[in-house]
Amino acid sequence: MTLPAALLYRSLACLSLVAAAAPGCDRPGRAAGTAPAPPGASSAPARGGAEQAAGGATAATPAADGGAEQAAAGGAEQAADAAPPAAGAAALAAQIAPLRADGPFVELAVERFPSAVVSVPIGATARRPVLIASHGNYDRPEWQCQVWRGIAGDGAFILCPRGVARSDSPSASDVRFTYESNARLEQEIDAGLAALRARFPEHVDPGAVLYTGFSLGAIMGSAIAARRAALFPRLVLVEGGHDKWTPATAKAFAEGGGQRVLFVCAQAGCGAAASAAAARLEKAGVLTRVVRGKEAGHRYDGPVAEETQRALGWAIEGDPRW
């Protein structure tokens, strides 16, 4: 039996699309290497998973008033005519190959700065949002990425800027880092985002970024977000970042597009300072929430990570990308 010319043409076109979507379009990333886990790092289950592509086809039916022979011929023609929209949507989804990497954490070269660590959404077939995880003083980006992958899951990019090495690190094999200033950290984040988008151009969402920071990272992040609220409209500040929220900075954040600030505290002093900062932000029109876990010391892992994970849904509420 000979296929109609139109149907044969479309069959050949579909075969070409399938061949073009074969794996291998995305070069694997380089593993970031193994870093010692911080004491008591959270082993909470991931919230998200790799995104799956979904596609469907609309079946065409022949006209009800036609005969059997007309229905067979007309049905084939109608199916062929109806195929392009569905096939086009499927082909568009297939053009974004699943994100491939050697492991969940990759080392990212950053122009003019030390390399960053990134938790990647392996298998993602659509654009995924970005979360910045800035560490504290005498800390490591590997630890932040590890803990935040446990908190936020494996469905987003988690970019962890490195900062500068401390001369008083424990040893050459255990180098600790800090950030020179909030202005310098801001430049490092911008360079890191540019490198991330260049490395995964089809998978990185170009929109607003969720900023998270611990201690020094939270302090500096508050100042950065007050200047760059459009890029960082939502913040998660763990054990820090309270004193920077003056009425003027709170107003600037709100007027620039700031939306939500989540404070997470594990010490009584942090809780009181966070509540005062939240009141100033609320007065400026920014939604806030203060999470006060049990007394656990100045840390971001373990029970603090568990409290952060429970409250994260509020911080990203209403953002369909998450």
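Quick note: structure is the one above.
None of these values were measured; they are calculated from a predicted model.

Rules of the game
- Residues numbered from 1 in each chain as written.
- Predicted model: local features only at pLDDT ≥ 70, side-chain atom pairs only at ≥ 80, totals over all residues.
- Heavy atoms only, no water.
- Helix = DSSP H or I, 4+ residues; strand = E, 2+ residues; numbered from the N terminus.
- Buried < 20%, exposed > 50% of the residue type's maximum accessible area, 1.4 Å probe, protein only.
- Contact = heavy atoms within 4.5 Å.
- Areas by Shrake-Rupley, 256 points an atom, 1.4 Å probe, with all protein chains shown as cover.
- Disulfide = S-S within 2.5 Å.
- Salt bridge = Lys/Arg side-chain N within 4 Å of Asp/Glu carboxyl O.
- Pairing = 2+ DSSP bridges.
- Axes fitted to C-alpha atoms, helices over the stretch in contact; angles between N-to-C directions.

Peer 1: It is not clear to me how the overall build of the protein chain should be interpreted in this structure. Could you clarify?
Peer 2: Looking only at helices and strands, the protein chain has eight helices and 10 strands in total. For the protein chain, with 322 residues in total, the buried portion stands at 45%. Within the protein chain, counting contacts between residues at least 6 apart in sequence, those at least 24 apart form 76% of the total. Here the protein chain displays about 15100 Å² of accessible surface, and carbon together with sulfur accounts for 57% of that area.

Peer 1: Where do I start with the side chain of Ser215 in this structure?
Peer 2: Along the chain, Ser215 turns up in the loop between β7 (210–214) and α5 (216–227). Residue Ser215 is classed as buried on the basis of its relative accessible area of 16%. Not counting the four nearest positions on each side in its chain, Ser215 is found in contact with Gly136, Val238, Glu239, Gly240 and His298.

Peer 1: Whenever I open this one, the state of the cysteines confuses me. Can you help?
Peer 2: In protein chemistry, a disulfide is the covalent bond that joins the sulfur atoms of two cysteines. Here the structure, examined in full by the defined rule, presents two disulfides. Two residues, Cys145 and Cys160, share a disulfide whose sulfurs are 2.1 Å apart. Across the S-S bond linking Cys145 and Cys160, the dihedral sits near 115 degrees, which makes this disulfide right-handed. Taken together, the residues span a long stretch of sequence, with Cys145 in helix α3 (residues 141–152) and Cys160 in strand β4 (residues 157–160) at a distance of 15 residues. The two residues Cys145 and Cys160 agree in class, both being buried. Shown here is the disulfide that connects Cys265 with Cys270, its sulfur atoms set 2.0 Å apart. Its torsion about the S-S bond being -65 degrees, the disulfide of Cys265 and Cys270 is classed as left-handed. Taken in sequence order, the bonded cysteines of the protein chain link in the pattern 1-2, 3-4.

Peer 1: Help me understand the pattern of salt bridges in this model?
Peer 2: Any two side chains of opposite charge can pair, on the condition that their charged atoms come close. Counted according to the given criterion, the structure contains 16 salt bridges. Here Arg166 ties to Asp168 by a salt bridge, and the two come within 2.7 Å at their closest N and O atoms. Residue class for Arg166 comes out partly exposed when judged on its relative accessible area of 24%. Judged by its relative accessible area of 39%, Asp168 is partly exposed. Between Arg299 and Asp301 there is a salt bridge whose closest N-O contact spans 3.0 Å. When salt bridges with common partners are traced through the structure, they connect Arg140, Glu142, Arg162, Asp174 and Arg176 into a single cluster.

Peer 1: How do you make sense of the sheet that holds strand β2 (residues 113–119) when you look at a structure like this?
Peer 2: Sheet strands line up and pair through hydrogen bonds in the backbone, either parallel or antiparallel. One open sheet holds the eight strands; their spatial order is β1-β2-β4-β3-β7-β8-β9-β10, and the pairing between them is mixed. The open sheet has two edge strands with one neighbour each: β1 (105–110) and β10 (287–292). The sheet shows a mean angle of 20 degrees between the axes of neighbouring strands, taken without regard to direction. Sheet analysis places strand β8 (residues 234–238) next to strand β9 (residues 260–265), joined by five bridges and oriented parallel. Bridge pairing in β9 places Val236 opposite Leu262. Along the sheet face, α5 touches β3 (130–134), β7 and β8 and points at about 145 degrees away from the line of β7. Running over the sheet, helix α8 (residues 302–315) touches β7, β8, β9 and β10 and is turned about 165 degrees from β9.

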